[in-house]
Amino acid sequence: MVLALTLWHCSDFLDEDPNFITEDSFYKTAKDARLAVNGIYETLGGGSVNRSFEGVYFNNYWTIVALASDEGIPGPLAFDDNYKQLANYSLGATNTVIENVWSDFYVAINAANLAIDNIPNIQMDNELKNRLLGEAHFLRGLFYFELVRMFDDVPLELHATTSFTSESYLARTPSPKVYTQIITDFTFAEDNLPGEFTGADKGRPTLWSAKAYLAKVALTNGDWQTAVNKTEEVMSGPFGLWADYKEAFLIANNNGKESVFAINFDKGTSFEEIWEGSHLNFRTMAQEYRAIPGAGGADLEIPTERLYNLFDDLDRRKSVTFVSEDVINGENVVLSGPHIHKYWDREAEPNGTPNTINDLQLIRYSDILLMHAEALNEINTGPTAMALNAINQVRARARNNAGIIENVLPDLEATLTYEAFKEAILLERFKEFVWEGHRWFDLKRFNKFVEKINEAKPGSAVRPQNMFFPIPQRERDTNTKLTQNDGY
């Protein structure tokens, strides 16, 4: 947070330049309001205000969700023990990856709070004002939703911190109260965001994005009826599945009909190229791709053997998600094992550039369908016709192999019991959302955390306590009001 606050509080600059922007001179016009909200988005990717070029979703978010679940393990070139600790469940309160995730989210929350505190006082068009506030509330709700799912009770700060005093340090807020605020933020967003954005604004959250997250929050808290209601509302909106699973990850289709909300990455031009891209490809690409000029190939994380083997060879998602051999510079190369390559759009980025402009889609329409099926199964203690229709849409799409309909993944039927259908939904989510930041949270929600991880990583040290990360010791040393999670 100190790094972010220096942008607003640097007395040396103020002494030297009386025209330097301060809180008193800013937040005066509609342009200032737009800039304040755009500043929140700056915290999402590899923005220039972020430590080590990392933003909230630049690489750590989806990497730790993969490693801390049954989805991923360290790759052949993994060197950082902090990431390895996530995969083998030996992490403690000094793990630097967890420290960085915590600080990234609170930097982002402070940016949102600055906008929420100051925009209401600006004399400007009320419709635009409410829309910008809707974006800020949506993003704050999103950040707290991620935090509470990762750490359980977290400090709930609803106003911007612009200077540090003893009162700046807060104790952990009980998670039910945090969830209440999350619902309040998403509901405000739902009421004030438009149904769509166009042009350069496309990709900002819409009222549909807010409805989708209200559904996901409800699902997390076991509020099945609200989850059904909100997913039904999104299903009545302008969304649909691409015919081919591969189409969901083409750069040309970013913010397309399947995207309910995504983190938009863009390299920009010149100097901005080092700030805005994502490592979605770079971290997981096999080292053999370094033979391609300009390519990455960090080989830092790979999928678990169990994940790879769960796919039928005719399931389209397998060939889109994984690569185990490839033609590189005209020669057939067998990789050291399966690697993730679902985000590599080879036509748009033929070299597999380290900083891809492909989006991280946090909620796709297939997620809405599977959440709908899950909530209906809980309410009715078994699959209904609507629940079966929802999941079978996802399975039917997976049969489409570049226009050829394969004889695989038959429609599920009403003969399934409640438990069998629940297991089928969890399996479908596993295969549909590889490396999209869902699996760790899904395992916890389905009460399958230890069981599924042990299936993928036999003999692991995973414990129920690993369902939440430790509160970083660095934060506890600074703020003595912070208690520690059990088991750390």
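Bear in mind the structure is a predicted one, so any value in this text is a computation, not a measurement.

1. Considerations on the packing of aromatic side chains
- Evaluated as defined, the whole model comprises 25 aromatic pairs.
- Note on Phe138 and Tyr213: the rings are 5.8 Å apart at their centroids and 75 degrees apart in plane angle, and the pair reads as edge-to-face. Here Tyr213 lies in helix H9 (residues 207-220) and Phe138 lies in helix H7 (residues 126-151), a separation of 75 residues in the sequence. Note on accessibility: Phe138 and Tyr213 belong to one class, buried.
- An angle of 75 degrees between the planes, with centres 6.5 Å apart, marks the rings of Tyr213 and Phe261 as edge-to-face. Pair noted here: Tyr213 is in helix H9 and Phe261 is in strand E2 (residues 259-263), with a separation of 48 residues, a long-range link. Of the two residues, Tyr213 and Phe261, both sit in the buried class.
- Among the aromatic side chains, those forming a connected cluster through ring pairs are Tyr57, Tyr61, Trp102, Phe105, Tyr106, Phe143, Tyr144, Phe151, Trp440, Phe441 and Phe469.
- In this structure, Arg346 is placed above the aromatic ring of Trp344, and the distance from its NZ or CZ to the ring centre is 4.0 Å.
- For the cation-ring pair, Lys444 lies above Trp440, with the distance from its terminal atom to the ring centre recorded as 3.8 Å.

2. Side note on unusual backbone geometry
- The phi dihedral of Asp152 is positive, around 70 degrees, even though this residue is not glycine.
- Tracing the chain through its elements places Asp152 in the loop between H7 and helix H8 (175-192).
- We note that Asn329 has phi near 55 degrees; this positive angle belongs to a residue other than glycine.

3. What about the packing of helix H3 (residues 30-41) against helix H6 (residues 96-118)?
- Their axes nearest at 8 Å, the elements H3 and H6 cross at an angle of 165 degrees. Here H3 lies roughly antiparallel to H6, going by the angle between them. Read as a crossing pair, H3 and H6 show a hand that is left-handed. On H6, the residues that touch Ala36, Val37, Gly39 and Ile40 of H3 are Ala108, Ala111, Ala112 and Ala115.
- Taken together, the residues that form the contact of H3 with H6 break down as seven nonpolar, one polar and no charged.

4. Quick word on the nonpolar core
- Judged by nonpolar contacts, the single largest core of 125 residues is most densely connected at Tyr57, Phe138, Met150 and Phe469.
- Looking at which element gives the most residues to this core, the answer is H7, with 14 residues.
- Aside from chain neighbours lying at most four places away, what touches Met150 is Tyr61, Ile64, Val101, Phe105, Trp440, Phe441, Phe468 and Phe469.
- Of all hydrophobic cores here, the second largest spans nine residues; its members include Met285, Ala286, Ile328 and Trp344.

5. Things to note about H8
- Over its 18 residues, H8 runs 26 Å from end to end, which matches the ideal 26 Å to within 8%, given 1.5 Å per residue.
- Those residues of H8 not exposed but buried are Ser175, Val178, Tyr179, Gln181, Ile182, Asp185, Phe186, Ala189 and Glu190.

6. Notes on the packing of helix H14 (residues 365-380) against helix H16 (residues 418-432)
- At their nearest, the axes of H14 and H16 sit 10 Å apart, and the two run at 165 degrees to each other. As far as their axial angle goes, H16 and H14 are roughly antiparallel. The chirality of how H14 crosses H16 is left-handed. Of the residues in H16, those touching H14 at Ser366, Asp367, Leu370, Met371, Ala373, Glu374, Asn377 and Glu378 are Tyr418, Phe421, Lys422, Ile425, Glu428, Arg429 and Glu432.
- Among the residues making up the contact of H14 with H16, the classes are represented as six nonpolar, two polar and seven charged.

7. Observations concerning the pattern of salt bridges
- Going through the model one piece at a time under the given rule, you end up with 39 salt bridges.
- With a shortest N-O distance of 2.8 Å, Arg439 and Asp70 are connected by a salt bridge. Placement of Arg439 in helix H17 (residues 439-445) and of Asp70 in the loop between helix H4 (60-67) and strand E1 (72-74) is noted, with a sequence separation of 369 residues between them.
- Since its relative accessible area comes to 4%, Arg439 is described here as buried.
- On the basis of relative accessibility, which here comes to 0%, the residue Asp70 falls in the buried class.
- Residue Arg317 is joined to Glu432 by a salt bridge in which the shortest nitrogen-to-oxygen separation is 3.0 Å. Here Glu432 lies in helix H16 and Arg317 lies in helix H13 (residues 316-321), a separation of 115 residues in the sequence. Accessibility assignment for this pair places Arg317 and Glu432 in one class, buried.
- Here the residues in one salt-bridge network are Glu258, Asp315, Arg317, Lys342, Arg364, Arg395, Arg397, Glu428, Glu432 and Glu436, joined through shared partners.

8. Description of the environment of Phe145
- Its location among the elements puts Phe145 in helix H7.
- Distance in space between the C-alpha atoms of Phe145 and Leu314 is 36 Å, their sequence separation being 169 residues.
- Not counting residues up to four positions away in its chain, the partners in contact with Phe145 are Tyr179, Ile182, Tyr213, Lys216, Val217 and Thr220.

9. A look at the environment of Asn358
- Turning to its location among the elements, Asn358 is positioned in the loop between strand E5 (331-340) and strand E6 (360-364).
- Judged by its relative accessible area of 1%, Asn358 falls in the buried class.
- Taking the C-alpha atoms as reference, Asn358 lies 8.2 Å from Gly277; in sequence the two are 81 residues apart.
- From its side chain, Asn358 meets the backbone oxygen of Phe249 in a polar contact 2.9 Å long.

10. A short note on the confidence of the model for the protein
- Looking at the protein, the pLDDT average stands at 91 and 91% of residues meet or exceed 70.
- Here residues 47-51 is modelled with pLDDT under 50, and outside its nearest four sequence neighbours on either side it reaches 16 contacts, counting other chains as well.
- Here residues 269-275 is modelled with pLDDT under 50, and outside its nearest four sequence neighbours on either side it reaches nine contacts, counting other chains as well.

11. Observations regarding the pairing of strand E4 (residues 322-328)
- Bridging between E4 and E5 involves six bridges; their strand directions are antiparallel. Bridge pairing in E5 places Ile328 opposite Glu331.

12. Some details on the environment of Ile122
- Note that Ile122 resides in the loop between H6 and H7.
- Assessed through its relative accessible area of 1%, Ile122 is described here as buried.
- In sequence terms Ile122 and Leu310 are 188 residues apart; their C-alpha atoms lie 55 Å from each other.
- When sequence neighbours within four positions are dropped, the list of residues in contact with Ile122 reads Tyr27, Lys28, Thr29, Ala30, Ala33 and Lys129.

Calculation criteria
Residues numbered from 1 in each chain as written. Predicted model: local features only at pLDDT ≥ 70, side-chain atom pairs only at ≥ 80, totals over all residues. Heavy atoms only, no water. Phe/Tyr/Trp six-rings, centres within 6.5 Å; stacked < 30°, edge-to-face > 60°. Helix = DSSP H or I, 4+ residues; strand = E, 2+ residues; numbered from the N terminus. Buried < 20%, exposed > 50% of the residue type's maximum accessible area, 1.4 Å probe, protein only. Lys NZ or Arg CZ within 6 Å of the ring centre and 35° of its normal. Axes fitted to C-alpha atoms, helices over the stretch in contact; angles between N-to-C directions. Parallel < 35°, antiparallel > 145°, perpendicular 65-115°, else oblique. Left-handed = near helix turned anticlockwise from the far one by under 90°. Contact = heavy atoms within 4.5 Å. Nonpolar A, V, L, I, M, F, W, Y, C, P; charged D, E, K, R; others polar. Core = buried A, V, L, I, M, F, W, Y, C linked by side-chain atoms within 4.5 Å. Expected span 1.5 Å × (residues − 1). Salt bridge = Lys/Arg side-chain N within 4 Å of Asp/Glu carboxyl O. Polar contact = N/O pair within 3.5 Å; in protein donor to acceptor, adjacent residues only side chain to side chain. pLDDT = per-residue confidence, 0-100. Pairing = 2+ DSSP bridges.

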